[in-house]
Amino acid sequence: MGLRKRFYVDIQTLNNAVTGSLHLCVAKFPDGETVRFIVDCGLFQERVEKVNDEDESARENINDLYNRSFPFTEDSLDFSLITHNHVDHVGRLPLLYKNGYAGKTYMSIPTKELIRHALNDSCKVLRETAKRRHVSALYTDTDVGQALSNFYGMPYDEPFYLVPNKVKVTFFKNGHLVGAALILVQIYSSSSKEVINLLFTGDYNKKNMFFKVPDLPKWLYELPVTIIQESTYGNMDTTDIEECFEENILRGTREQKTIVVPAFSLGRYQEVLYFLKTLQKRGALDPNIPIYGDGKLAATYTNMFLNNPNLGIDSEMTDFLPENVEFISGSEARSNVIADIHSKIIVTTSGMGSYGPAQEYISKLISNPNALIHFTGYTAEGTLGRRLKDTEIGQDVKVGSIMKIKRAEVMYTTEFSAHAKANEMIDFLNSFSKINFIIVNHGEPEVKEKFASRILREVNNVKEVGIASRDTFFRIDPYKCVKSMSTHFQ
Ligand SMILES: [Zn+2]
Ligand SMILES: [Zn+2]
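Definitions and cut-offs
- Within each chain, residue numbers correspond to sequence positions counted from 1 in written order.
- All chains are assigned letters beginning at A, and all ligands numbers beginning at 1, according to the order in which they are written.
- Restriction of local features to residues with pLDDT of at least 70 applies here, the model being predicted, together with a cutoff of 80 or more for giving and counting side-chain atom pairs; totals for whole chains, interfaces and linings are based on all residues.
- For the domains described, the bounds stem from an automatic or database domain assignment.
- Any pair of residues counts as being in contact when their C-beta atoms, constructed from backbone geometry, are within 7 Å of one another.
- Secondary structure elements are defined from DSSP: runs of H or I of at least 4 residues count as helices, runs of E of at least 2 residues count as strands, and each element is numbered from the N terminus.
- For two strands to be treated as a pair, DSSP must find at least two bridges joining them.
- The axes used here are C-alpha line fits, helices contributing only the stretch in contact, and every angle between their N-to-C directions lies in the interval 0 to 180 degrees.
- To define a nonpolar core, we join buried Ala, Val, Leu, Ile, Met, Phe, Trp, Tyr and Cys residues through C-beta atoms within 7 Å and take the resulting set.
- Partly exposed residues are those whose C-beta has more than 12 but fewer than 20 other C-beta atoms within 10 Å; 20 or more makes a residue buried and 12 or fewer makes it exposed, with C-beta atoms placed from the backbone.
- An arc is given here, and it is the one of the directions from the helix axis to the C-beta atoms.
- Comment on the angle field: the value is read as roughly parallel under 35 degrees, roughly antiparallel over 145, roughly perpendicular from 65 to 115, and oblique elsewhere.
- Here a crossing is taken to be left-handed if its near helix is turned anticlockwise relative to the far helix by less than a right angle, and right-handed if that turn runs clockwise.
- Lys, Arg, Asp and Glu make up the charged group, whereas Ala, Val, Leu, Ile, Met, Phe, Trp, Tyr, Cys and Pro make up the nonpolar group; the residues left over, Gly among them, are polar.

Okay, the domain arrangement of the protein chain next. By the assigned domains, the protein chain splits into domain 1 (8-235 + 418-486) and domain 2 (245-412). Spacing between the C-alpha centres of domain 1 and domain 2 amounts to 30 Å. On the domain 2 side, the residues contacting the 24 residues of domain 1 number 22 residues.

What follows is the structure, given as C-alpha coordinates:
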(Lines give C-alpha, C1' and ligand atoms only; values in the text may rest on other atoms or scores of the structure.)
(Ligands and ions follow the chains in the order given, each with its own letter.)
Protein backbone atom coordinates (compact mmCIF):
# COMPACT_ATOMS: atom_id res chain seq x y z
CA MET A 1 0.00 0.00 0.00
CA GLY A 2 1.41 3.36 -1.04
CA LEU A 3 1.42 6.49 1.02
CA ARG A 4 -2.02 8.01 1.46
CA LYS A 5 -2.18 11.38 -0.21
CA ARG A 6 -3.77 14.05 1.90
CA PHE A 7 -7.37 14.87 1.20
CA TYR A 8 -9.44 16.89 3.63
CA VAL A 9 -11.40 20.07 4.15
CA ASP A 10 -10.93 22.50 7.03
CA ILE A 11 -14.12 24.18 8.19
CA GLN A 12 -13.85 27.38 10.17
CA THR A 13 -16.77 29.32 11.56
CA LEU A 14 -16.77 33.04 12.23
CA ASN A 15 -19.86 33.32 14.35
CA ASN A 16 -19.83 32.38 18.02
CA ALA A 17 -23.55 32.83 18.49
CA VAL A 18 -26.54 33.34 16.20
CA THR A 19 -25.66 36.24 13.91
CA GLY A 20 -22.71 36.81 11.57
CA SER A 21 -22.95 33.44 9.82
CA LEU A 22 -19.90 32.57 7.76
CA HIS A 23 -18.09 29.29 7.20
CA LEU A 24 -14.70 29.29 5.54
CA CYS A 25 -13.92 25.95 3.90
CA VAL A 26 -10.45 25.11 2.66
CA ALA A 27 -10.27 21.87 0.70
CA LYS A 28 -6.90 20.21 0.12
CA PHE A 29 -6.67 17.70 -2.72
CA PRO A 30 -4.19 14.84 -3.19
CA ASP A 31 -2.86 16.52 -6.34
CA GLY A 32 -1.81 19.50 -4.27
CA GLU A 33 -4.62 21.81 -5.35
CA THR A 34 -6.43 23.94 -2.77
CA VAL A 35 -9.99 25.19 -3.16
CA ARG A 36 -11.34 27.85 -0.82
CA PHE A 37 -14.94 28.87 -0.47
CA ILE A 38 -17.34 30.36 2.02
CA VAL A 39 -20.89 29.50 2.93
CA ASP A 40 -22.84 32.63 3.94
CA CYS A 41 -21.44 36.06 4.68
CA GLY A 42 -23.63 37.64 7.35
CA LEU A 43 -23.54 40.67 9.58
CA PHE A 44 -22.90 40.43 13.29
CA GLN A 45 -25.90 42.01 14.96
CA GLU A 46 -25.73 40.97 18.60
CA ARG A 47 -25.16 43.76 21.07
CA VAL A 48 -24.86 46.48 18.44
CA GLU A 49 -26.81 48.93 20.53
CA LYS A 50 -25.06 48.58 23.84
CA VAL A 51 -22.89 51.66 23.91
CA ASN A 52 -23.41 53.11 27.36
CA ASP A 53 -20.96 51.88 29.93
CA GLU A 54 -17.40 50.93 29.27
CA ASP A 55 -17.93 47.23 29.24
CA GLU A 56 -20.75 47.41 26.74
CA SER A 57 -18.90 49.83 24.56
CA ALA A 58 -16.08 47.32 24.46
CA ARG A 59 -18.53 44.70 23.37
CA GLU A 60 -19.85 46.89 20.63
CA ASN A 61 -16.31 47.45 19.46
CA ILE A 62 -15.80 43.71 19.23
CA ASN A 63 -18.94 43.48 17.17
CA ASP A 64 -17.74 46.30 14.96
CA LEU A 65 -14.31 44.71 14.64
CA TYR A 66 -15.91 41.42 13.62
CA ASN A 67 -17.96 43.22 10.99
CA ARG A 68 -15.15 45.33 9.56
CA SER A 69 -12.77 42.66 8.42
CA PHE A 70 -12.51 39.04 7.39
CA PRO A 71 -9.84 36.90 9.00
CA PHE A 72 -8.81 35.52 5.59
CA THR A 73 -7.62 36.92 2.28
CA GLU A 74 -10.70 37.87 0.34
CA ASP A 75 -9.21 37.46 -3.12
CA SER A 76 -8.05 33.91 -2.35
CA LEU A 77 -11.63 32.59 -2.39
CA ASP A 78 -12.70 30.49 -5.37
CA PHE A 79 -16.46 30.97 -4.90
CA SER A 80 -19.08 31.72 -2.30
CA LEU A 81 -22.46 30.16 -1.49
CA ILE A 82 -25.49 31.67 0.22
CA THR A 83 -28.13 29.68 2.13
CA HIS A 84 -30.82 32.38 2.42
CA ASN A 85 -31.67 36.05 2.32
CA HIS A 86 -31.37 37.08 5.99
CA VAL A 87 -28.97 39.88 6.84
CA ASP A 88 -27.13 37.72 9.38
CA HIS A 89 -26.30 35.42 6.42
CA VAL A 90 -25.79 37.88 3.54
CA GLY A 91 -25.18 41.33 5.05
CA ARG A 92 -21.39 41.41 4.59
CA LEU A 93 -21.28 40.31 0.94
CA PRO A 94 -20.77 43.90 -0.30
CA LEU A 95 -17.80 44.25 2.08
CA LEU A 96 -16.32 41.04 0.70
CA TYR A 97 -16.38 42.54 -2.81
CA LYS A 98 -15.18 45.92 -1.53
CA ASN A 99 -12.18 44.13 0.01
CA GLY A 100 -11.11 42.53 -3.24
CA TYR A 101 -13.16 39.42 -3.81
CA ALA A 102 -14.04 39.27 -7.52
CA GLY A 103 -15.51 35.78 -7.75
CA LYS A 104 -19.05 34.53 -8.07
CA THR A 105 -21.67 34.03 -5.38
CA TYR A 106 -24.29 31.32 -5.88
CA MET A 107 -27.74 31.21 -4.33
CA SER A 108 -31.22 29.90 -5.13
CA ILE A 109 -33.28 31.69 -7.79
CA PRO A 110 -35.76 33.24 -5.28
CA THR A 111 -32.85 34.43 -3.12
CA LYS A 112 -31.32 36.09 -6.18
CA GLU A 113 -34.65 37.93 -6.69
CA LEU A 114 -34.83 39.05 -3.07
CA ILE A 115 -31.27 39.81 -2.09
CA ARG A 116 -30.83 43.23 -3.67
CA HIS A 117 -33.59 44.59 -1.44
CA ALA A 118 -31.95 43.15 1.67
CA LEU A 119 -28.52 44.55 0.76
CA ASN A 120 -29.82 47.99 -0.19
CA ASP A 121 -31.69 48.17 3.10
CA SER A 122 -28.72 46.90 5.07
CA CYS A 123 -26.53 49.53 3.38
CA LYS A 124 -28.96 52.23 4.48
CA VAL A 125 -29.11 50.97 8.09
CA LEU A 126 -25.31 50.74 8.25
CA ARG A 127 -24.97 54.26 6.87
CA GLU A 128 -27.28 55.62 9.56
CA THR A 129 -25.56 53.66 12.34
CA ALA A 130 -22.14 54.83 11.16
CA LYS A 131 -23.32 58.43 11.11
CA ARG A 132 -24.61 58.12 14.67
CA ARG A 133 -21.30 56.65 15.82
CA HIS A 134 -19.14 59.04 13.76
CA VAL A 135 -17.38 56.24 11.90
CA SER A 136 -17.25 55.35 8.23
CA ALA A 137 -19.97 53.07 6.88
CA LEU A 138 -19.08 49.42 6.32
CA TYR A 139 -19.87 49.70 2.61
CA THR A 140 -21.62 51.91 0.10
CA ASP A 141 -24.21 51.56 -2.66
CA THR A 142 -21.35 51.08 -5.13
CA ASP A 143 -20.13 48.04 -3.20
CA VAL A 144 -23.67 46.67 -3.14
CA GLY A 145 -23.83 47.09 -6.93
CA GLN A 146 -20.49 45.37 -7.35
CA ALA A 147 -21.72 42.41 -5.27
CA LEU A 148 -25.06 42.17 -7.10
CA SER A 149 -23.38 41.93 -10.49
CA ASN A 150 -21.61 38.75 -9.35
CA PHE A 151 -24.64 36.87 -8.03
CA TYR A 152 -26.00 33.78 -9.76
CA GLY A 153 -29.36 32.12 -9.09
CA MET A 154 -29.31 28.32 -9.23
CA PRO A 155 -32.31 25.96 -9.48
CA TYR A 156 -33.11 23.62 -6.60
CA ASP A 157 -32.21 19.92 -6.82
CA GLU A 158 -29.84 20.29 -9.76
CA PRO A 159 -26.20 19.46 -9.01
CA PHE A 160 -23.62 21.70 -10.67
CA TYR A 161 -19.84 21.61 -10.66
CA LEU A 162 -18.10 24.75 -9.41
CA VAL A 163 -14.67 23.21 -9.84
CA PRO A 164 -14.62 20.69 -12.70
CA ASN A 165 -14.45 17.09 -11.42
CA LYS A 166 -13.72 18.36 -7.93
CA VAL A 167 -16.49 20.37 -6.28
CA LYS A 168 -20.17 19.79 -6.91
CA VAL A 169 -22.93 21.77 -5.23
CA THR A 170 -26.69 21.12 -4.91
CA PHE A 171 -29.31 23.42 -3.39
CA PHE A 172 -32.34 21.79 -1.72
CA LYS A 173 -35.50 23.61 -0.75
CA ASN A 174 -35.66 24.60 2.93
CA GLY A 175 -38.78 25.80 4.76
CA HIS A 176 -36.97 28.45 6.81
CA LEU A 177 -37.70 31.23 4.34
CA VAL A 178 -38.73 31.75 0.75
CA GLY A 179 -35.58 30.99 -1.25
CA ALA A 180 -33.82 29.23 1.64
CA ALA A 181 -31.64 26.26 0.77
CA LEU A 182 -29.84 23.41 2.43
CA ILE A 183 -26.56 23.24 0.55
CA LEU A 184 -24.79 19.98 -0.24
CA VAL A 185 -21.14 20.40 -1.18
CA GLN A 186 -19.47 17.28 -2.58
CA ILE A 187 -15.72 17.35 -2.80
CA TYR A 188 -14.13 14.66 -5.00
CA SER A 189 -10.61 13.39 -4.87
CA SER A 190 -9.97 12.37 -8.47
CA SER A 191 -7.03 10.12 -7.64
CA SER A 192 -8.55 8.00 -4.89
CA LYS A 193 -12.22 8.30 -5.84
CA GLU A 194 -13.02 9.41 -2.34
CA VAL A 195 -15.69 12.00 -1.56
CA ILE A 196 -16.19 14.45 1.27
CA ASN A 197 -19.87 15.32 1.60
CA LEU A 198 -20.79 18.45 3.54
CA LEU A 199 -24.38 19.47 4.21
CA PHE A 200 -24.95 23.04 5.41
CA THR A 201 -28.42 23.42 6.91
CA GLY A 202 -28.30 27.22 6.99
CA ASP A 203 -31.27 28.12 9.16
CA TYR A 204 -33.55 25.12 9.01
CA ASN A 205 -37.26 24.46 9.04
CA LYS A 206 -39.10 21.57 7.48
CA LYS A 207 -42.22 23.55 6.58
CA ASN A 208 -43.36 26.95 5.37
CA MET A 209 -46.79 28.52 5.18
CA PHE A 210 -46.19 30.01 1.72
CA PHE A 211 -44.76 27.07 -0.23
CA LYS A 212 -44.53 23.30 -0.05
CA VAL A 213 -41.24 21.83 1.11
CA PRO A 214 -40.62 18.47 -0.57
CA ASP A 215 -38.80 15.67 1.22
CA LEU A 216 -35.09 15.49 0.56
CA PRO A 217 -34.12 12.76 -1.92
CA LYS A 218 -33.42 9.28 -0.53
CA TRP A 219 -29.85 9.22 -1.91
CA LEU A 220 -28.99 12.25 0.19
CA TYR A 221 -30.08 10.51 3.40
CA GLU A 222 -27.79 7.60 2.50
CA LEU A 223 -24.61 9.63 1.86
CA PRO A 224 -21.77 9.48 4.36
CA VAL A 225 -22.01 13.10 5.35
CA THR A 226 -20.77 15.80 7.70
CA ILE A 227 -23.66 18.04 8.70
CA ILE A 228 -23.18 21.66 9.71
CA GLN A 229 -26.32 22.04 11.77
CA GLU A 230 -27.94 25.22 13.08
CA SER A 231 -29.20 25.21 16.68
CA THR A 232 -31.07 28.49 17.27
CA TYR A 233 -33.77 26.66 19.22
CA GLY A 234 -31.56 23.76 20.34
CA ASN A 235 -32.87 24.17 23.90
CA MET A 236 -36.57 24.13 23.04
CA ASP A 237 -38.97 21.42 21.91
CA THR A 238 -42.17 21.87 19.91
CA THR A 239 -44.05 21.03 23.14
CA ASP A 240 -42.52 24.18 24.73
CA ILE A 241 -44.15 26.49 22.20
CA GLU A 242 -46.78 28.64 23.82
CA GLU A 243 -49.43 29.62 21.33
CA CYS A 244 -50.57 32.91 22.80
CA PHE A 245 -50.61 35.29 19.83
CA GLU A 246 -54.27 34.86 18.90
CA GLU A 247 -55.43 35.12 22.50
CA ASN A 248 -53.32 38.22 23.19
CA ILE A 249 -54.33 40.00 19.99
CA LEU A 250 -58.03 39.34 20.53
CA ARG A 251 -57.84 40.39 24.19
CA GLY A 252 -55.91 43.51 23.15
CA THR A 253 -58.62 44.52 20.68
CA ARG A 254 -61.36 43.85 23.27
CA GLU A 255 -59.46 46.16 25.62
CA GLN A 256 -59.32 48.78 22.84
CA LYS A 257 -55.52 48.69 22.80
CA THR A 258 -53.09 49.92 20.20
CA ILE A 259 -51.25 46.76 19.22
CA VAL A 260 -47.80 46.86 17.66
CA VAL A 261 -46.49 43.66 16.12
CA PRO A 262 -42.78 43.85 15.20
CA ALA A 263 -42.09 41.30 12.46
CA PHE A 264 -39.16 40.42 10.19
CA SER A 265 -39.80 42.03 6.82
CA LEU A 266 -39.43 38.83 4.81
CA GLY A 267 -41.71 35.93 5.70
CA ARG A 268 -42.88 36.82 9.20
CA TYR A 269 -44.56 40.09 8.21
CA GLN A 270 -46.56 38.35 5.48
CA GLU A 271 -47.32 35.44 7.83
CA VAL A 272 -48.72 37.77 10.50
CA LEU A 273 -50.94 39.50 7.92
CA TYR A 274 -52.22 36.10 6.81
CA PHE A 275 -52.83 35.09 10.43
CA LEU A 276 -54.96 38.23 10.95
CA LYS A 277 -56.86 37.40 7.78
CA THR A 278 -57.69 33.92 9.11
CA LEU A 279 -58.92 35.49 12.39
CA GLN A 280 -61.19 37.79 10.38
CA LYS A 281 -62.45 34.90 8.27
CA ARG A 282 -63.34 32.89 11.38
CA GLY A 283 -65.22 35.86 12.76
CA ALA A 284 -62.85 36.13 15.74
CA LEU A 285 -61.38 39.49 14.71
CA ASP A 286 -63.71 42.35 13.77
CA PRO A 287 -62.74 43.40 10.21
CA ASN A 288 -63.61 46.99 11.14
CA ILE A 289 -60.54 47.18 13.39
CA PRO A 290 -57.94 48.82 11.17
CA ILE A 291 -54.72 47.00 10.38
CA TYR A 292 -51.67 49.01 9.33
CA GLY A 293 -48.58 47.70 7.61
CA ASP A 294 -45.49 49.86 8.06
CA GLY A 295 -41.98 49.24 6.73
CA LYS A 296 -40.70 49.94 3.23
CA LEU A 297 -38.74 46.73 2.80
CA ALA A 298 -41.67 44.68 4.12
CA ALA A 299 -43.97 46.40 1.61
CA THR A 300 -41.55 45.56 -1.21
CA TYR A 301 -41.39 41.91 -0.18
CA THR A 302 -45.18 41.77 0.27
CA ASN A 303 -45.59 43.00 -3.28
CA MET A 304 -43.16 40.36 -4.52
CA PHE A 305 -45.10 37.63 -2.66
CA LEU A 306 -48.24 38.81 -4.45
CA ASN A 307 -46.76 39.28 -7.92
CA ASN A 308 -43.40 37.63 -8.53
CA PRO A 309 -43.71 34.06 -9.89
CA ASN A 310 -39.96 33.46 -9.47
CA LEU A 311 -40.39 33.30 -5.70
CA GLY A 312 -42.31 30.02 -5.98
CA ILE A 313 -45.14 31.04 -3.62
CA ASP A 314 -48.05 28.56 -3.83
CA SER A 315 -50.85 30.07 -5.91
CA GLU A 316 -53.46 29.63 -3.16
CA MET A 317 -51.20 31.60 -0.79
CA THR A 318 -50.85 34.70 -2.96
CA ASP A 319 -54.09 36.04 -1.47
CA PHE A 320 -52.99 36.60 2.12
CA LEU A 321 -53.89 40.21 2.88
CA PRO A 322 -56.56 40.81 5.57
CA GLU A 323 -59.50 43.14 5.08
CA ASN A 324 -59.10 46.76 6.08
CA VAL A 325 -55.31 46.74 5.79
CA GLU A 326 -53.55 49.96 4.88
CA PHE A 327 -49.86 50.29 4.12
CA ILE A 328 -48.32 53.47 5.47
CA SER A 329 -44.88 55.05 5.70
CA GLY A 330 -43.30 58.17 7.16
CA SER A 331 -43.34 59.78 10.60
CA GLU A 332 -46.42 61.88 9.94
CA ALA A 333 -48.58 58.91 9.00
CA ARG A 334 -47.22 57.06 12.05
CA SER A 335 -48.10 59.93 14.38
CA ASN A 336 -51.64 60.06 12.96
CA VAL A 337 -52.09 56.35 13.49
CA ILE A 338 -50.82 56.56 17.06
CA ALA A 339 -52.96 59.63 17.82
CA ASP A 340 -56.15 57.81 16.81
CA ILE A 341 -57.62 56.54 20.09
CA HIS A 342 -59.42 53.56 18.57
CA SER A 343 -58.10 50.05 18.73
CA LYS A 344 -55.80 49.09 15.87
CA ILE A 345 -53.12 46.63 14.90
CA ILE A 346 -49.81 47.82 13.43
CA VAL A 347 -47.58 45.22 11.82
CA THR A 348 -44.13 46.71 11.39
CA THR A 349 -40.38 46.16 11.10
CA SER A 350 -37.76 45.42 12.32
CA GLY A 351 -38.58 42.10 13.94
CA MET A 352 -36.38 42.60 17.00
CA GLY A 353 -37.56 46.19 17.42
CA SER A 354 -34.14 47.80 17.14
CA TYR A 355 -34.50 49.54 13.81
CA GLY A 356 -37.04 51.05 11.48
CA PRO A 357 -40.59 52.11 12.27
CA ALA A 358 -40.88 49.45 15.03
CA GLN A 359 -38.40 51.42 17.10
CA GLU A 360 -40.38 54.60 16.52
CA TYR A 361 -43.66 52.97 17.57
CA ILE A 362 -42.08 51.37 20.62
CA SER A 363 -40.49 54.66 21.62
CA LYS A 364 -43.85 56.44 21.42
CA LEU A 365 -45.90 53.69 23.04
CA ILE A 366 -43.69 51.97 25.61
CA SER A 367 -44.93 54.25 28.43
CA ASN A 368 -48.56 53.89 27.41
CA PRO A 369 -50.44 51.27 29.46
CA ASN A 370 -53.00 51.08 26.68
CA ALA A 371 -50.48 49.67 24.23
CA LEU A 372 -49.57 46.05 23.58
CA ILE A 373 -46.27 45.30 21.86
CA HIS A 374 -46.17 41.73 20.64
CA PHE A 375 -42.91 40.26 19.36
CA THR A 376 -43.24 37.35 16.95
CA GLY A 377 -39.80 35.79 16.76
CA TYR A 378 -36.31 35.38 18.11
CA THR A 379 -34.86 38.49 19.81
CA ALA A 380 -31.06 38.42 19.89
CA GLU A 381 -29.07 39.65 22.86
CA GLY A 382 -28.54 43.41 22.75
CA THR A 383 -31.65 44.14 20.68
CA LEU A 384 -34.50 46.33 21.93
CA GLY A 385 -36.82 43.31 21.88
CA ARG A 386 -34.53 41.42 24.27
CA ARG A 387 -34.10 44.48 26.51
CA LEU A 388 -37.85 44.94 26.86
CA LYS A 389 -38.13 41.27 27.75
CA ASP A 390 -35.64 41.77 30.57
CA THR A 391 -37.43 44.87 31.90
CA GLU A 392 -40.33 44.65 34.36
CA ILE A 393 -43.37 46.92 34.06
CA GLY A 394 -42.58 50.16 35.89
CA GLN A 395 -38.81 49.86 35.32
CA ASP A 396 -36.75 52.12 33.07
CA VAL A 397 -35.62 51.01 29.66
CA LYS A 398 -33.51 52.63 26.97
CA VAL A 399 -35.24 52.98 23.60
CA GLY A 400 -32.82 54.32 21.00
CA SER A 401 -30.98 56.90 23.10
CA ILE A 402 -33.90 57.84 25.34
CA MET A 403 -34.79 56.42 28.74
CA LYS A 404 -38.45 55.60 29.26
CA ILE A 405 -40.57 53.83 31.85
CA LYS A 406 -42.03 50.59 30.57
CA ARG A 407 -45.78 50.71 31.09
CA ALA A 408 -47.04 49.03 27.93
CA GLU A 409 -47.70 45.32 27.92
CA VAL A 410 -44.93 43.48 26.03
CA MET A 411 -45.53 39.91 24.91
CA TYR A 412 -43.52 37.29 23.03
CA THR A 413 -44.43 34.19 21.10
CA THR A 414 -42.32 31.56 19.37
CA GLU A 415 -45.26 29.97 17.58
CA PHE A 416 -44.37 31.61 14.25
CA SER A 417 -40.76 30.58 14.39
CA ALA A 418 -39.03 29.86 11.10
CA HIS A 419 -36.56 27.56 12.88
CA ALA A 420 -37.05 23.90 13.66
CA LYS A 421 -37.13 23.09 17.37
CA ALA A 422 -34.66 20.69 19.02
CA ASN A 423 -36.84 17.57 18.67
CA GLU A 424 -37.47 18.34 14.98
CA MET A 425 -33.75 18.82 14.36
CA ILE A 426 -33.06 15.49 16.10
CA ASP A 427 -35.63 13.81 13.82
CA PHE A 428 -34.00 15.48 10.82
CA LEU A 429 -30.55 14.20 11.82
CA ASN A 430 -31.92 10.72 12.49
CA SER A 431 -33.13 10.46 8.89
CA PHE A 432 -29.49 10.21 7.76
CA SER A 433 -28.06 6.74 7.86
CA LYS A 434 -24.30 7.50 7.72
CA ILE A 435 -23.40 10.67 9.57
CA ASN A 436 -19.63 11.08 9.68
CA PHE A 437 -19.64 14.12 11.95
CA ILE A 438 -21.90 16.95 13.09
CA ILE A 439 -20.84 20.54 13.69
CA VAL A 440 -23.36 22.52 15.72
CA ASN A 441 -23.43 26.23 14.87
CA HIS A 442 -25.82 29.22 14.81
CA GLY A 443 -26.88 29.10 18.45
CA GLU A 444 -26.08 30.92 21.67
CA PRO A 445 -23.00 29.22 23.21
CA GLU A 446 -24.80 27.41 26.04
CA VAL A 447 -27.58 26.32 23.66
CA LYS A 448 -25.07 24.82 21.22
CA GLU A 449 -23.55 22.72 24.01
CA LYS A 450 -26.90 21.60 25.32
CA PHE A 451 -28.04 20.61 21.85
CA ALA A 452 -24.75 18.81 21.16
CA SER A 453 -25.23 16.69 24.30
CA ARG A 454 -28.71 15.86 23.17
CA ILE A 455 -27.42 14.78 19.74
CA LEU A 456 -24.95 12.42 21.45
CA ARG A 457 -27.79 10.76 23.32
CA GLU A 458 -30.50 10.79 20.67
CA VAL A 459 -28.98 10.63 17.19
CA ASN A 460 -28.10 7.11 16.08
CA ASN A 461 -24.41 6.23 15.77
CA VAL A 462 -23.10 9.72 16.46
CA LYS A 463 -20.24 9.52 18.93
CA GLU A 464 -18.87 13.05 18.84
CA VAL A 465 -20.20 16.47 18.01
CA GLY A 466 -18.22 19.60 17.17
CA ILE A 467 -19.21 22.95 18.65
CA ALA A 468 -18.54 25.69 16.13
CA SER A 469 -16.89 28.80 17.50
CA ARG A 470 -14.62 31.51 16.25
CA ASP A 471 -11.49 30.00 17.71
CA THR A 472 -11.77 26.41 16.48
CA PHE A 473 -11.66 24.73 13.12
CA PHE A 474 -12.44 21.16 12.17
CA ARG A 475 -10.50 19.00 9.72
CA ILE A 476 -12.89 16.69 7.91
CA ASP A 477 -11.84 13.78 5.70
CA PRO A 478 -14.14 11.42 3.73
CA TYR A 479 -14.82 9.37 6.89
CA LYS A 480 -14.70 11.50 10.00
CA CYS A 481 -13.48 14.60 11.78
CA VAL A 482 -9.71 14.06 11.87
CA LYS A 483 -9.04 16.72 14.46
CA SER A 484 -10.05 20.15 15.71
CA MET A 485 -7.52 22.94 16.02
CA SER A 486 -7.28 26.54 17.14
CA THR A 487 -7.65 29.34 14.66
CA HIS A 488 -5.85 32.62 15.01
CA PHE A 489 -8.93 34.72 14.43
CA GLN A 490 -9.21 37.92 16.40
ZN1 LIG B 1 -32.49 33.02 8.75
ZN1 LIG C 1 -29.69 32.95 10.82
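As a further point, take unusual backbone geometry. The residue after Thr349, namely Ser350, is reached through a cis peptide bond having omega 10°. Locating Ser350 in the fold gives a position in the loop between strand E15 (344-348) and helix H11 (356-365). Here His442, not a glycine, exhibits a phi torsion of approximately 50°, which is positive.

Another point: the sheet that holds strand E2 (residues 23-28). Spatially, eight strands are ordered E6-E5-E4-E3-E2-E1-E22-E23 in an open sheet, and the strand pairing comes out mixed. Here the strands that pair on one side only, and so sit at the sheet edges, are strand E6 (151-154) and strand E23 (481-486). Taken pair by pair, the neighbouring strands of this sheet meet at an average axis angle of 25°, ignoring direction. In the sheet, strand E3 (residues 34-39) pairs with strand E4 (residues 79-81) via three bridges, with the strands oriented parallel. From the neighbouring strand, Val39 faces E4, where its bridge partner is Leu81. Seen against the sheet, helix H4 (residues 109-133) touches strand E5 (105-108) and E6 and runs at an angle of roughly 110° to E5.

To continue, consider the nonpolar core. Core analysis: the largest hydrophobic core is formed by 131 residues, its most contacted members being Val9, Ile183, Val260, Ile345, Val347 and Ile362. Per element, the largest residue contribution to this core is seven residues, and it comes from H4. The residue makeup of this core includes at least three contributed by each of domain 1 (8-235 + 418-486) and domain 2 (245-412). Excluding anything up to four places from it in sequence, Val347 contacts Val261, Ala263, Tyr269, Val272, Leu273, Ile291 and Gly293.

Another aspect to go through is helix H5 (residues 141-148). Taken together, the buried positions of H5 are occupied by Asp143, Val144 and Ala147. Down the axis of H5, the sector holding all buried residues measures 105°, keeping them to one side. Next to the buried residues of H5 lie helix H3 (93-98), H4 and E6.

Each full turn of the α-helix corresponds to 3.6 residues, which orients residues three or four apart in the same direction. Buried within helix H7 (residues 245-254) are the following residues: Phe245, Ile249 and Gly252. The arc enclosing the buried residues of H7, seen along the axis, measures out at 65°, which places them on a common side. When the buried face of H7 is taken as reference, the exposed residues oriented beyond 90 degrees from it are Glu247 and Arg254. Where the residues of H7 are buried, they touch strand E12 (258-262), E15 and strand E16 (371-375). Of the residues one or two after H7, Gln256 is the one with positive phi, at around 60°.

Quick look at the packing of H4 against H5 now. Viewed as axis vectors pointing N to C, H4 and H5 meet at an angle of 160°, and their least axial separation amounts to 10 Å. One finds that H4 runs roughly antiparallel with respect to H5. As for the relative orientation of H4 and H5, their crossing is right-handed in sense. Counting all contacts with H4, which are made through Arg116, Leu119, Asn120 and Cys123, the residues of H5 involved are Asp141, Val144, Ala147 and Leu148. Along the lines of polarity and charge, the residues of the contact of H4 with H5 split into five nonpolar, one polar and two charged.

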